[in-house]
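# A look at the structure
Here is how the chains run, residue by residue.
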Amino acid sequence: QALEDHYSPSRWSPRLDRDTIIDAHLAVTAAGTERARASGQTLLHVPYGDGDEEKLDIYFPTEPCETFPVLVYIHGGYWQCMSKDDSGFAAPPLVSQGVAVVAVGYDIAPKGHMDAMVLQVRRSLVFLAERYPRIRGIYLCGHSAGAHLAAMVLSTDWTEFQVVPDIKGAVLVSGLYDLEPILHTYVNDALNMSREVAQRNSPMRHVTPAAPAACQVLVAVAQHDSPEFRRQSQEYSQALHAAGWSVSLLDLAGVDHFDVIERLSEDSYLLTQV
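By the naming in an unreviewed UniProt entry, the protein goes by KFA formamidase and is assigned to Hypocryptadius cinnamomeus.

Structural data, given as structure tokens:
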């Protein structure tokens, strides 16, 4: 029961009760995405593979220039809800600064299996690198389950893909980096992971020594994240640091597991600025 509590982010917010906060989050991200789609130049539902969910939404910079950096956003939802169609809310402040934003779709559970989701996110980056040679660096940003998937990208052996995406940075927001504890919670009901699958897909267990060109990593956590989410963020950033990565931990005051990412739609928000 204690594990269930600690891995239920909706129980820890001082703003709203656990039943309303998830609905509120879905409403905020959906409305923000609608605004972003209406106000900028977009290319929606671009297939990076053959699967129904293997599609990207691309939000182009307001002032198009020859090359541009790209922020690739990987949505959360405990690997079993949300989609790229709720994931464009962070685009407006970034496109106004010359950054393209790409929201990645992937197969959520129960259709999607953890190994497959990790592979889909990796393949989406290979597609971007091949399709858009003008990209000047890829920056990963994932929230919650999306932060886990982004962290799994950092441990990729790209030789099997014959393409090495130019990943310059990763912003991991309120993520999970060790999946074993959730085997014992309701979260695994839809995921149906074995211990072996959880271990194979735990970034904490696959921290590679930093290569000379390793990207910078920012691990962000909310003040009102649960103690377990906060512990995992701290331990993962320490593990990266010990392996020689350039990593910093950002503890964001006054936010919970949900508005820590929702507020990326605001220009003045600290994480947007970073």
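## Notes on the overall build of the protein
In terms of regular secondary structure, the protein is built from 10 helices and eight strands. A compact globule built from 274 residues would reach a C-alpha radius of gyration of about 19 Å, and the protein, at 17 Å, matches this within 12%. With the C-alpha coordinates aligned to their principal axes, the bounding extent of the protein is approximately 55 × 40 × 35 Å. Expressed as a percentage of the 274 residues in the protein, the buried residues total 55%. In the protein, 75% of the contacts between residues at least 6 apart in sequence involve partners at least 24 apart. Taking the average location of the 20 positive side-chain charges in the protein and that of its 34 negative ones, the two points are 3 Å from each other.

## Side note on the packing of aromatic side chains
The description of two aromatic rings rests on the distance between their centres and on the angle between their planes. According to the stated counting rule, one finds seven aromatic pairs in the structure shown. Their ring planes at 25° and their centres at 5.8 Å tell us that Y78 and W79 sit as a pair that is stacked. What makes Y78 buried here is its relative accessible area of 10%. The buried category is assigned to W79, whose relative accessible area is 0%. Ring centres of W158 and F161 lie 5.5 Å apart, and the angle between their planes is 55°; on these two criteria the pair is classed as tilted. The same class applies to W158 as to F161, namely buried. Counting every residue linked through ring pairs, the aromatic cluster contains Y78, W79 and Y186.

## Describing the sheet that holds strand 5 (residues 135-143)
Pairing between the strands of a sheet comes from backbone hydrogen bonds, and it takes one of two forms, parallel or antiparallel. In space, the eight strands of this open sheet follow the order 1-2-4-3-5-6-7-8, with mixed pairing throughout. Only two strands of the sheet have a single neighbouring strand rather than two, namely strand 1 (42-47) and strand 8 (246-256). Going from strand to strand, the sheet's axes swing by 20° on average, the running direction of each strand aside. Note that strand 3 (residues 68-74) and strand 5 share six bridges and pair parallel. In the strand pairing of strand 5, I74 is matched with G142. Each of strand 6 (167-173), strand 7 (216-224) and strand 8 touches helix 8 (residues 227-242); the most contacted strand, strand 7, lies at about 160° to it.

## Description of the side chain of H75
With respect to the helices, strands and loops of the structure, H75 is situated in the loop between strand 3 and helix 3 (91-95). Residues contacting H75, with those up to four places away along its chain left out, are C81, M82, S83, K84, S87, V104, Y106, I108, H143, A145 and G146.

## Section: the pairing of strand 6
When you tally the buried positions in strand 6, you get five out of seven residues, the bulk of the element. Pairing between strand 5 and strand 6: six bridges, direction parallel. Bridging across to strand 6, C141 finds its partner in V171. Note that the unit made of strand 5, helix 5 (residues 145-154) and strand 6 has a crossover that is right-handed. Relative to strand 7, strand 6 is paired through five bridges, and the arrangement is parallel. Looking at strand 7, one finds that G169 is bridged to Q216.

## Some remarks on the layout of surface pockets
Reported here for the largest pocket is a volume of approximately 490 Å³. Looking at the largest pocket, it is lined by 22 residues, and the ones nearest its centre are L71, Y139, V171, L218 and V274. Elements with a contribution of two residues or more to the lining of the largest pocket: strand 3, strand 5, strand 6, strand 7, strand 8 and helix 10 (270-273). Examining the composition of the lining of the largest pocket, we find that four residues originate from one element, strand 6, more than from any other.

## So, empty space enclosed by the protein
Using the criterion set out here, one finds three cavities of 30 Å³ or more in the structure. If you add up the space inside the largest cavity, you get close to 50 Å³. Lining the largest cavity we find A151, L154, S155, P203, H206, V207, T208, Y236, L240 and W245. When residues of the lining of the largest cavity are traced back to their parent elements, those giving at least two are helix 5 and helix 8. Here the lining of the largest cavity is composed, by residue class, of seven nonpolar, three polar and no charged.

Cut-offs applied
- Residues numbered from 1 in each chain as written.
- Predicted model: local features only at pLDDT ≥ 70, side-chain atom pairs only at ≥ 80, totals over all residues.
- Heavy atoms only, no water.
- Helix = DSSP H or I, 4+ residues; strand = E, 2+ residues; numbered from the N terminus.
- Rg over C-alpha atoms; globule rule 2.2 N^0.38 Å.
- Buried < 20%, exposed > 50% of the residue type's maximum accessible area, 1.4 Å probe, protein only.
- Contact = heavy atoms within 4.5 Å.
- Lys, Arg positive; Asp, Glu negative; His and termini not counted.
- Charge placed at Lys NZ, Arg CZ, Asp CG, Glu CD.
- Phe/Tyr/Trp six-rings, centres within 6.5 Å; stacked < 30°, edge-to-face > 60°.
- Pairing = 2+ DSSP bridges.
- Axes fitted to C-alpha atoms, helices over the stretch in contact; angles between N-to-C directions.
- Right-handed = clockwise from strand over helix to strand, strands pointing away.
- 1 Å grid on protein atoms, 1.4 Å probe; cavity = no way out; pocket = protein on both sides within 12 Å on 5 of 7 lines; lining within 4 Å.
- Points joined across faces, edges and corners; volume = space filled by probe spheres on them.
- Nonpolar A, V, L, I, M, F, W, Y, C, P; charged D, E, K, R; others polar.

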